[in-house]
Structure formats: C-alpha cells, structure tokens
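A closer look at the structure
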Amino acid sequence: MLANLQRSLPFTLALAIIVYLLLLLIPDLALSASVSVAIGIVLGGVLVPILVEVKGASLDSTGSATAAKTNYDGETATLYVGNLPYRANEDAVRELFQKFGVVVNVRLMKDRQTGRRRGFGFVEVAAKDANKMIQKLNDFAFQERTLKVREAKERQDGDDNDE
C-alpha cells in the first residue's frame, strides 16, 4: 500500500497544479488559489489511485501483493516458489519466470501483522510451460538465494486443525 502511495503522490501533485493553472485561466470563476489547489488534490486523490491500481499491483484479501493478471485463456498451473529473497517483488519474480513461458499471475505471501514478505509465493503459469519452468528454476540462484520450485498442492480447508 505504501508503494502505491509513493507511486501516486507525484501524479496527484502534478494533477493539482494542472487543475490550479486551468482554473486560473477561466476568468468567470473567481476562486482563490487555495480552493483551486484543493480541487486539484481532490481530483488527483480520486483519479490517480484508480489509474495506478489498474496499471500496477494491489493487495488481495489475504494481504498478499498480487501483480496484475495477464490475459491468458488456456489451462493454467500454479507453481509454489520457496526460498525467495525477502527483497524480491512481484515484478522481479514475473520477469524471471517469463523467460521460460507465459506467466498469468504472481502472488508473494506477506505476514498479516508485519506486512513483511514471508519468503515464498505462487506463480500461475500456462500449463504447457509449467514443467519447463520447474526444471529450469528449481535450485536456480536468484538474488543470492536458491529457489525451490514445484507444482503447488491444492489447499484443503480444515487441514490445519486435523490433529
């Protein structure tokens, strides 16, 4: 969320200045400079986050960052990626996996309390590329860590408390 704010703040300020200048050019509107800037900030606060979210990453319901999905209509497979560097982001993981096939979605897990990355995630890929990605990227050195890549197991509800 902080990354989205940092990314959208310059656009919001630029939009505020543009609206201020445009409102100064309209002679019939006798608005003060502070009102013009306030209108620009409000417009920027509404429009810029929408534009940034469409382009970039957003948080899903689990608190994990989710990169924008790629339009892919074929069958997909989900790969588990373990031993990720904590500094790795969705874009870096997507870029790595795209060297070996189609990447549909990247989800890197975060701790709900601290917001820090947990060192693993899931990459949804074209099913036809999954085995090649596993072969190429399992035990692959990525940002000074050795990745563990395998097909993800289906999550079973209630498995956590069976004992």
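Residues numbered from 1 in each chain as written. Predicted model: local features only at pLDDT ≥ 70, side-chain atom pairs only at ≥ 80, totals over all residues. Heavy atoms only, no water.

1. Observations concerning a nonpolar patch on the surface
Together, Ile-17, Leu-21 and Leu-24 line one region of the surface with nonpolar side chains, adding up to about 290 Å² of accessible area. With respect to the helices and strands, Ile-17 occurs in helix 1 (residues 2-25). Given a relative accessible area of 51%, Ile-17 falls into the exposed group. (Patch = residues over 30% accessible without salt bridge, like charges linked within 9 Å, V, L, I, M, F, W, Y side chains within 5 Å. Areas by Shrake-Rupley, 256 points an atom, 1.4 Å probe, with all protein chains shown as cover. Salt bridge = Lys/Arg side-chain N within 4 Å of Asp/Glu carboxyl O. Helix = DSSP H or I, 4+ residues; strand = E, 2+ residues; numbered from the N terminus. Buried < 20%, exposed > 50% of the residue type's maximum accessible area, 1.4 Å probe, protein only.)

2. Re helix 3 (residues 90-98)
Turning to helix 3, its buried residues number three or more, namely Glu-90, Val-93, Arg-94, Leu-96 and Phe-97. For helix 3, the arc enclosing every buried residue in end-on projection is 165°, short of the 170-degree limit, so these residues lie on one face. Helix 3 presents Asp-91 and Glu-95 as exposed residues on the side facing more than 90 degrees away from its buried surface. (Arc of directions from axis to C-beta.)

3. Focus on helix 4 (residues 127-137)
Of all the residues in helix 4, the buried ones are Asp-129, Ala-130, Met-133 and Leu-137. Projected onto a plane normal to the axis of helix 4, the buried residues spread over an arc of 120° and lie on a single side. Helix 4 presents Lys-128, Asn-131 and Gln-135 as exposed residues on the side facing more than 90 degrees away from its buried surface. In the segment just after helix 4, Asp-139 is the residue with positive phi, at about 65°.

These values are about where atoms sit, not about what they do.
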